[in-house]
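Structure assessment
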Amino acid sequence: SPVLRTEIADTPATENLFGGGRAEKTQTVIIALLEHLIQATPQVVIVEDAHWFDSASWQLLERFSRSFPHVLVTIVSRPLDPDALPFEARRLLDRPDRLVIQLEPFTREGSVALINAALATVETAQSIVDLIYSHAEGHPLFTIALAQSLRDRGLLRVEANYAHLGLGDRSLSQIAFPDGVEGVVAERIASLTPAQQLTLKVAAVLGRSFEVGMLARLHPGGMPADVLASEIASAERVGLVETLDAGLGKHRFHHAIIGDTAYKLLVSDQRRGLHAKAAELLSSRGEVEGHPAAS
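Residues numbered from 1 in each chain as written. Predicted model: local features only at pLDDT ≥ 70, side-chain atom pairs only at ≥ 80, totals over all residues. Heavy atoms only, no water.

Hydrogen bonds between backbone atoms are what pair the strands of a sheet, whose relative direction is either parallel or antiparallel. Across the sheet, which stays open at both edges, the three strands sit in the order β6-β8-β7 with antiparallel pairing between neighbours. A strand with exactly one partner marks an edge of an open sheet, and here the two such strands are β6 (209-211) and β7 (241-245). Pairs of neighbouring strands in the sheet enclose a mean axial angle of 35 degrees, with direction left out of account. Summarising the sheet, β6 and strand β8 (residues 250-253) pair through three bridges and their orientation is antiparallel. If you follow glutamate 211 over to β8, its bridge partner there is lysine 250. Relative to β7, helix α10 (residues 225-237) is tilted by about 120 degrees, and along the sheet it contacts β6, β7 and β8. (Pairing = 2+ DSSP bridges. Helix = DSSP H or I, 4+ residues; strand = E, 2+ residues; numbered from the N terminus. Axes fitted to C-alpha atoms, helices over the stretch in contact; angles between N-to-C directions. Contact = heavy atoms within 4.5 Å.)

Okay, the sheet that holds strand β4 (residues 156-159) next. Taking strand neighbours across the sheet as the criterion, the three strands line up as β3-β5-β4 in an open arrangement whose pairing is mixed. Edge positions in the open sheet fall to β3 (123-124) and β4, since each of these has one partner strand only. Bridging between β3 and strand β5 (residues 162-165) involves two bridges; their strand directions are parallel. Each bridged residue has a counterpart across the sheet, and for glutamate 123 the counterpart in β5 is tyrosine 162.

The next subject is the nonpolar core. Counting residues in hydrophobic clusters, the biggest one holds 51 residues, and the most contacted among them are Leu150 and Phe253. Counting residues in hydrophobic clusters, the runner-up holds eight residues, among them Val47, Trp58, Ala89 and Leu92. (Core = buried A, V, L, I, M, F, W, Y, C linked by side-chain atoms within 4.5 Å. Buried < 20%, exposed > 50% of the residue type's maximum accessible area, 1.4 Å probe, protein only.)

For the rest of this paragraph, the subject is the packing of aromatic side chains. Considering all chains together, one arrives at three aromatic pairs under this definition. When the centroid spacing of 4.8 Å and the interplanar angle of 40 degrees are considered together, the rings of phenylalanine 64 and phenylalanine 68 count as tilted. The class of phenylalanine 64 is buried, set by a relative accessible area of 7%. Exposure remark for phenylalanine 68: the relative accessible area of 4% places this residue in the buried category. On the basis of an interplanar angle of 55 degrees and a centroid distance of 5.5 Å, the ring pair of phenylalanine 210 and phenylalanine 253 is categorised as tilted. (Phe/Tyr/Trp six-rings, centres within 6.5 Å; stacked < 30°, edge-to-face > 60°.)

Further remarks concern the pairing of strand β2 (residues 71-75). With five bridges connecting them, strand β1 (residues 43-47) and β2 associate as parallel partners. Note that in β2 the partner of valine 47 across the bridge is isoleucine 75. One crossover worth recording links β1 to the parallel β2 by way of helix α2 (residues 55-67), and it is right-handed. (Right-handed = clockwise from strand over helix to strand, strands pointing away.)

What follows is the structure, encoded as structure tokens:
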């Protein structure tokens, strides 16, 4: 029922299934359904945020990979600790036909291109590039966030598609940066209005992706969906959120770190209350989504 987002009544055979037995039968049904849906042509399945997977998720993915050898399974994850991985994960990731692509930090030249894209400029002064690269060290999200932070704080100016420092009497040594990528992301979230910040924090409870309709039901302020959509649009304009499906009101945080940072800005009591309400709402829809910390 949670997989198909509908209610299917238990049969005498299934109502006595529990734990591992029920999970194994569920996987069998999922694979059988996919056999009818996936064509026998080369395809790609992209699995994101695999660092949050539990053993059952790895088991299903490993079984899927064996059942559909013509499908290229692409797993996106933060660095994984081999010693902490469940057996099912190691059985999949240790296959001889796997290819591991380790993403390295951006080079200085790559960072320049990223800064220009973030600022919508053709060229950026070398002093700005040096300043950002010395702090971000090629981290793409950190690079973008620092460039936008400098612009929004009035420390750099964009004129004729050229970004240059606008410090006035201040020197580079007087510029204070938040610590780490989460610090600069928190600073960008703080640039929003209090109402917009709260909306972003509540959305983070639902996971990286969220729908405005569900957000309206969860929001403690009882805000109507159209007002929340306007607040999400403000967050999108500063690069914190992106739209997945405008018709369905579906959005997601531009980067997982942004969602994590927004979530961490909630106080403990807020988290507990929102998680309890989110669990009730998601359960009523037959879903099991939400911020990983919910589990």
